[in-house]
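Results of the structural survey
Each chain, written out:
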Amino acid sequence: MSLLLDPFSVAFVQRALLGGALVAIICGVVGTWVVLRGMAFLGEAMAHGMLPGVAVATLTGFPPMAGAALSAAVMSVGVGALQRRGRLSADTSIGLLFVASLSLGVIVISASRSFATDASAILFGEILAIGTGDLAALAVALVVTVVVATLGHRSFVALTVDPRQAQLLGLRPRAAHFVLVALVTLAVVSAYQAVGSLLVVGMLLGPAVAAGRWTRRIVPTMVLAAVIGTVSVAVGLLLSWHLATAAGATVAFTAICSGAVSTGLHAFVAAVRRRVAPVSVIPNTPERTA
């Protein structure tokens, strides 16, 4: 038990666990919609789209989270503009801006000669450096996420099932899509401190995929994804502590592995159920005599 509890007796590990849990809940709610709507590529683009804003903010002395939010917002607006005016498909628009943002971020980083440590934190996160101010910001982001997801739940469901039917019902699918993109942006920016811009999608997808193996209803999937994500954060921090590995990367890898573990466990449970299921036997009935 000491191996499990000793790391969490340290103050900065406790803050990392609490911050990671808040991120896991946010990503559990938003990641469920990302999986259902097939928005993984958009989430990846948003994550990498933060890089220029974070790099510029770090170099100029502004809060990195503010730069991340601004850069991700520009990315989402740019994707919408290219789709409407450039007549490009969604994946083409996202791909173009994805590469452009990532390239610009690398250019900004390479222009600074003393940016190696900050670049590592930007790309892979710095979950052990989460402070009380970061926890407060994550708590606010969590409240906003839950409120918006609750208010927009019906519209999100209609958008996922049939956008045309949603339009006929007056649920405004375009506005619902815009709000959903905003939620993805908020989740990506919130998870940046924990796992960095390169590994954010792991927190979005891994727990949601793992939870989806056990339930088909949306809200239970969100709750289970949040629980799995929180467990992944705790396990990742423990592994990082004992193996002396990068904390953010270990947490993200654990979150991704949760999907594989859940799939294997679900298959094992299904096989056991099939093996122990009672075999229906048709009883022999006496022939009717005339």
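About the criteria used
- Residues numbered from 1 in each chain as written.
- Predicted model: local features only at pLDDT ≥ 70, side-chain atom pairs only at ≥ 80, totals over all residues.
- Heavy atoms only, no water.
- Helix = DSSP H or I, 4+ residues; strand = E, 2+ residues; numbered from the N terminus.
- Contact = heavy atoms within 4.5 Å.
- Areas by Shrake-Rupley, 256 points an atom, 1.4 Å probe, with all protein chains shown as cover.
- Phe/Tyr/Trp six-rings, centres within 6.5 Å; stacked < 30°, edge-to-face > 60°.
- Buried < 20%, exposed > 50% of the residue type's maximum accessible area, 1.4 Å probe, protein only.
- Polar contact = N/O pair within 3.5 Å; in protein donor to acceptor, adjacent residues only side chain to side chain.
- Expected span 1.5 Å × (residues − 1).
- Core = buried A, V, L, I, M, F, W, Y, C linked by side-chain atoms within 4.5 Å.
- pLDDT = per-residue confidence, 0-100.
- Patch = residues over 30% accessible without salt bridge, like charges linked within 9 Å, V, L, I, M, F, W, Y side chains within 5 Å.
- Salt bridge = Lys/Arg side-chain N within 4 Å of Asp/Glu carboxyl O.
- Axes fitted to C-alpha atoms, helices over the stretch in contact; angles between N-to-C directions.
- Parallel < 35°, antiparallel > 145°, perpendicular 65-115°, else oblique.
- Left-handed = near helix turned anticlockwise from the far one by under 90°.
- Nonpolar A, V, L, I, M, F, W, Y, C, P; charged D, E, K, R; others polar.

**Some points on the overall build of the chain**
- Along the chain, the regular secondary structure elements total twelve helices and zero strands.
- Sequence-ordered secondary structure for the chain, helices as α and strands as β, is α-α-α-α-α-α-α-α-α-α-α-α.
- Taking the intrachain contacts of the chain between residues at least 6 apart in sequence as the baseline, contacts between residues at least 24 apart amount to 74%.
- When the accessible surface of the chain is summed, it comes to about 15,700 Å², and 68% of that surface belongs to carbon and sulfur atoms.

**Re the packing of aromatic side chains**
- Under the defined criterion, the tally for this structure stands at one aromatic pair.
- Ring geometry for W33 against F156: centres 5.5 Å apart, planes inclined by 70 degrees, an arrangement best described as edge-to-face. Highlighted residues: W33 in helix α2 (residues 11-37) and F156 in helix α8 (residues 153-161), separated in sequence by 123 residues.
- Judged by its relative accessible area of 1%, W33 falls in the buried class.
- Given the relative accessible area of 2%, F156 is considered buried.

**Quick look at the side chain of S71**
- Summarising the element assignment, S71 is placed in helix α4 (residues 64-85).
- Classification of S71 by relative accessible area gives buried; the value is 11%.
- In this structure the side chain of S71 is engaged in a polar contact, spanning 3.4 Å, whose partner is the backbone nitrogen of G53.

**With respect to helix α12 (residues 247-276)**
- Across its 30 residues, α12 extends 42 Å between first and last C-alpha, which sits within 8% of the 44 Å expected from 1.5 Å per residue.
- Looking at α12, one finds that the buried residues are A247, G248, T250, V251, A252, T254, A255, S258, G259 and S262.

**Comments concerning the nonpolar core**
- Grouped together as the largest cluster of nonpolar side chains are 64 residues, with contacts concentrated most on M50, I127, V188, V195, V200, M203 and L237.
- Excluding anything up to four places from it in sequence, V188 contacts G43, M46, A47, M50, V200 and L204.

**A word on the confidence of the model for the chain**
- When the pLDDT values of the chain are averaged, the result is 83; 88% of them are 70 or greater.
- Ranking the elements of the chain by mean pLDDT puts helix α6 (residues 116-124) last, at 64, and helix α11 (residues 218-243) first, at 93.

**What about a nonpolar patch on the surface?**
- A cluster of nonpolar side chains, namely V219, V223, V227, V231, V235, L239 and L243, defines an oily patch on the protein surface of about 580 Å² accessible area.
- Tracing the backbone through its elements, the reader meets L243 in helix α11.

**Thoughts on the environment of A149**
- Mapped onto the elements, A149 comes out in helix α7 (residues 132-151).
- Between the alpha carbons of A149 and V30 there is a distance of 8.1 Å; along the sequence they are 119 residues apart.
- Ignoring anything within four residues of it in the chain, the contact list for A149 reads V29, F156 and L183.

**Some words on the packing of α2 against α8**
- Contact pair α2 / α8: the axes reach a minimum separation of 10 Å and the direction vectors enclose 20 degrees. It follows that α2 is roughly parallel to α8 by the angle criterion. With respect to the hand of their crossing, α2 and α8 are arranged in left-handed fashion. Between α2, through W33, L36 and R37, and α8, the contact on the second element is made entirely by H153, F156, V157, L159 and T160.
- Class assignment for the residues of the contact of α2 with α8 results in five nonpolar, two polar and one charged.

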